[in-house]
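Listed here are the chains, written in short residue letters.
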Amino acid sequence: MLAACSGGGDDGARTPDDVTDQGYQSGDGSATTWKAGDRKGPVELSGTDFDGAAVDTADWKGDVVVLNTWYANCPPCRAEAPDLVALATDYADQGVHVLGINGTDAAGAAQAFQRQFEVPYPSLADSDGSAVAHLQGTVPINAVPTTVVLDRDGKVAARILGLAEGSTLSAIVDDLLAEQPS
């Protein structure tokens, strides 16, 4: 079961310490990585983003893919958004794709978040929970946000439960870019 956040309508980004005693449950930001021989998958997700465009991670086979569960009113989602935007921008020419997964927001709220943080990558509109359910079959998604990083073969190489720190995420992506696909 997903632990969900239920913060107020604050427009600013928050740190994990800002959510004390607000009924919020999330991961602790811990990262788990798997060696190439121990990775599960491949994971392939497809659906429609909040602009109505089709998205299919199978199109990104051979590239590193970063999947991030989020929703607009989630304090750690807002706090990590600048780091995810920077990662998507900085690594776009190196074969790295970022895909958000949002099962909570209506299109208007999700698009407002994407405009506010200048998000350059798509997010699946996952109101039926199918994308998260598909991930659950391969790697537990026990918090929002959760970030899952797929290697060039589409296998789960890493998972961060809770707020993904930019330096941790970049280090994981750098390691995967240095690997050769099998």
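The structure under discussion appears in the preceding block.
What this report covers is the structure whose coordinates are included nearby. The structure presented is a predicted model; accordingly, all values stated were derived computationally and were not measured.

What counts, and at which threshold
- Residues numbered from 1 in each chain as written.
- Predicted model: local features only at pLDDT ≥ 70, side-chain atom pairs only at ≥ 80, totals over all residues.
- Heavy atoms only, no water.
- Helix = DSSP H or I, 4+ residues; strand = E, 2+ residues; numbered from the N terminus.
- Expected span 1.5 Å × (residues − 1).
- Bend = angle between axes of the 7 residues up to and from the residue.
- Buried < 20%, exposed > 50% of the residue type's maximum accessible area, 1.4 Å probe, protein only.
- Contact = heavy atoms within 4.5 Å.
- Pairing = 2+ DSSP bridges.
- Axes fitted to C-alpha atoms, helices over the stretch in contact; angles between N-to-C directions.

In this model, helix α1 (residues 75–91) (17 residues) spans 25 Å end to end at C-alpha, consistent with the 24 Å of a helix rising 1.5 Å per residue. Of all the bends in α1, the greatest reaches close to 40° and is centred on Ala-81; the proline Pro-82 follows between one and four positions later. Among all positions of α1, only Pro-75, Pro-76, Cys-77, Arg-78, Glu-80, Ala-81, Leu-84, Val-85, Leu-87, Ala-88 and Tyr-91 are buried. Those residues of α1 hidden inside the fold are in contact with β4 (64–69), β5 (96–102), α2 (107–116), β7 (146–150) and α4 (166–178).

The strands making up a sheet are joined through hydrogen bonds of the backbone, oriented either antiparallel or parallel. Strand order in this open sheet of 6 strands is β1-β8-β7-β4-β5-β6, and the pairing throughout is mixed. With partners counted over all chains shown, the strands left at the sheet margins are β1 (30–33) and β6 (123–125), one partner each. Recorded for the sheet is a direction-independent mean angle of 20° between the axes of neighbouring strands. The pairing of β7 with strand β8 (residues 156–161) spans 5 bridges and is antiparallel. What sits directly across from Leu-150, in β8, is Val-156. Along the sheet face, α1 touches β4, β5 and β7 and points at about 165° away from the line of β4.

Looking along the chain, the bond that leaves Gly-41 and enters Pro-42 is cis, with omega of 15°. Mapped onto the fold, Pro-42 is located in the loop between β1 and β2 (46–48). The omega torsion of the bond from Val-144 to Pro-145 falls at 5°, within 30 degrees of zero and hence cis. Mapping Pro-145 onto the fold places it in the loop between α3 (130–136) and β7. In this model, Glu-118 sits at a positive phi of 50°, which is unusual for a non-glycine residue.

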